[in-house]
Amino acid sequence: MSKPRTGADPERLTTWHKYRNGLCDDCRATCCTLPAEVRVTDLIRLGVMDAFEAEEPLKPIARRLEKAGLIEHFNLRSGLFTLARRANGDCVYLDAATRRCTVYERRPDTCRNHPRIGPRPGYCAYIPQT
């Protein structure tokens with residue numbers, strides 16, 4: 001199968017491409033520019049908090065992680081954290097030069113399950129590397 005000829009617009013789901021194996025091989029890691037919601041278990045796996053902290057109130061933990069530049073938002077009602085992104089929109093864990101995840105083995109469930117879950121399940125915002 002050939003690669004898509006045009007890149008998707010991450011903001012317009014109708015431009016996303018049907019996912020298939022190998023599509024990530026030459027993508028610019030566009031999915032790593034989307035807001036990634038994570039849970040406490042993901043933060044423990046990432047090593048930014050420990051299991052003992054998970055038993056404490058989450059609001060002070062969220063403040064600490066926000067100050068450290070690791071999260072950009074915490075929703076107290078849902079208990080979901082949104083990973084921080086750089087000024088250009090990249091996830092803080094994305095290597096700018098290689099466009100590869102620096103925590104791949106410890107990546108959050110949201111990332112592990114993309115594109116099966118997400119804004120348009122089964123599709124991704126593929127943009128070819130230049």
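Note that the structure is predicted; figures quoted are calculated from it, not measured.

Student: I'm lost on the packing of aromatic side chains in this one. Help?
Tutor: Scanning all chains against the criterion turns up 1 aromatic pair. Relative to Phe81, the ring of Phe74 lies with its centre 4.5 Å away and its plane at 35 degrees, an arrangement referred to as tilted. Stacked on the ring of Tyr123, the Lys or Arg Arg120 has its end atom at 3.6 Å from the ring centre.

Student: Honestly, the sheet that holds strand 2 (residues 37-38) in this entry has me stumped. Any pointers?
Tutor: Pairing between sheet strands relies on hydrogen bonds along the backbone, with the strands arranged either parallel or antiparallel. Read across the sheet, 3 strands follow the order 2-4-3 without closing on themselves; strand pairing throughout is antiparallel. Edge positions in the sheet fall to strand 2 and strand 3 (71-75), since each of these pairs with one other strand and no more. As judged from the 4 bridges shared by strand 3 and strand 4 (residues 80-83), these two strands associate in the antiparallel manner. When the bridges of strand 4 are listed, His73 appears paired with Thr82. Docked against the sheet, helix 2 (residues 58-67) engages strand 3 and strand 4, running at close to 165 degrees with respect to strand 3.

Student: Help me understand unusual backbone geometry in this model?
Tutor: Trans is the common state for peptide bonds, and a negative phi is the common state for residues other than glycine. The residue after His114, namely Pro115, is reached through a cis peptide bond having omega 5 degrees. Counting through the fold element by element, Pro115 comes out in the loop between helix 3 (109-112) and strand 5 (123-124). For Arg99, which is not a glycine, the phi torsion comes out positive at approximately 60 degrees. Note on placement: Arg99 falls in the loop between strand 4 and helix 3. For Arg99, a relative accessible area of 10% gives the class buried.

Student: Any chance you could explain the environment of Tyr123 here in plain terms?
Tutor: Position of Tyr123 relative to the elements: it lies in strand 5. Taking relative accessible area as the criterion, Tyr123 reaches 23% and is therefore assigned partly exposed. For the pair formed by Tyr123 and Tyr19, sequence separation is 104 residues and the distance between their alpha carbons is 4.9 Å. Discounting residues that sit within four places of it in the chain, Tyr123 has contacts with Trp16, His17, Lys18, Tyr19, His114 and Pro115.

Student: Would you mind going over the environment of Leu70 with me for this structure?
Tutor: Within the secondary structure, Leu70 is located in the loop between helix 2 and strand 3. A relative accessible area of 22% places Leu70 in the partly exposed class. For the pair formed by Leu70 and Leu13, sequence separation is 57 residues and the distance between their alpha carbons is 27 Å. When residues no more than four places from it in sequence are discounted, the contact partners of Leu70 are Val48, Leu65, Leu83, Ala84, Val92 and Tyr93.

Student: Can you walk me through the nonpolar core in this structure?
Tutor: Generally speaking, a soluble globular protein has its nonpolar side chains buried in company with each other. If you look at the biggest cluster of nonpolar residues, it comprises 19 residues, and the most contacted ones within it are Leu43, Leu46, Leu65, Phe81, Leu83 and Tyr93. Residue contacts for Leu43: discarding those within four places in its chain leaves Val38, Val48, Met49, Leu65 and Phe81.

Student: Teacher, can you tell me more about the pattern of salt bridges here?
Tutor: Side-chain pairs of opposite charge can arise where the charged atoms are in close proximity. Applying the stated criterion across every chain, the model contains 5 salt bridges. The salt bridge involving Arg64 is made with Glu53; its shortest N-O contact spans 2.9 Å. Of the two residues, Arg64 is situated in helix 2 and Glu53 in the loop between helix 1 (40-46) and helix 2; the sequence distance between them amounts to 11 residues. In this structure, the salt-bridge partner of Arg99 is Asp90, at a minimum N-O distance of 2.6 Å. By the burial criterion, Arg99 is buried, and Asp90 matches it.

Definitions and cut-offs
Residues numbered from 1 in each chain as written. Predicted model: local features only at pLDDT ≥ 70, side-chain atom pairs only at ≥ 80, totals over all residues. Heavy atoms only, no water. Phe/Tyr/Trp six-rings, centres within 6.5 Å; stacked < 30°, edge-to-face > 60°. Lys NZ or Arg CZ within 6 Å of the ring centre and 35° of its normal. Pairing = 2+ DSSP bridges. Helix = DSSP H or I, 4+ residues; strand = E, 2+ residues; numbered from the N terminus. Contact = heavy atoms within 4.5 Å. Axes fitted to C-alpha atoms, helices over the stretch in contact; angles between N-to-C directions. Buried < 20%, exposed > 50% of the residue type's maximum accessible area, 1.4 Å probe, protein only. Core = buried A, V, L, I, M, F, W, Y, C linked by side-chain atoms within 4.5 Å. Salt bridge = Lys/Arg side-chain N within 4 Å of Asp/Glu carboxyl O.

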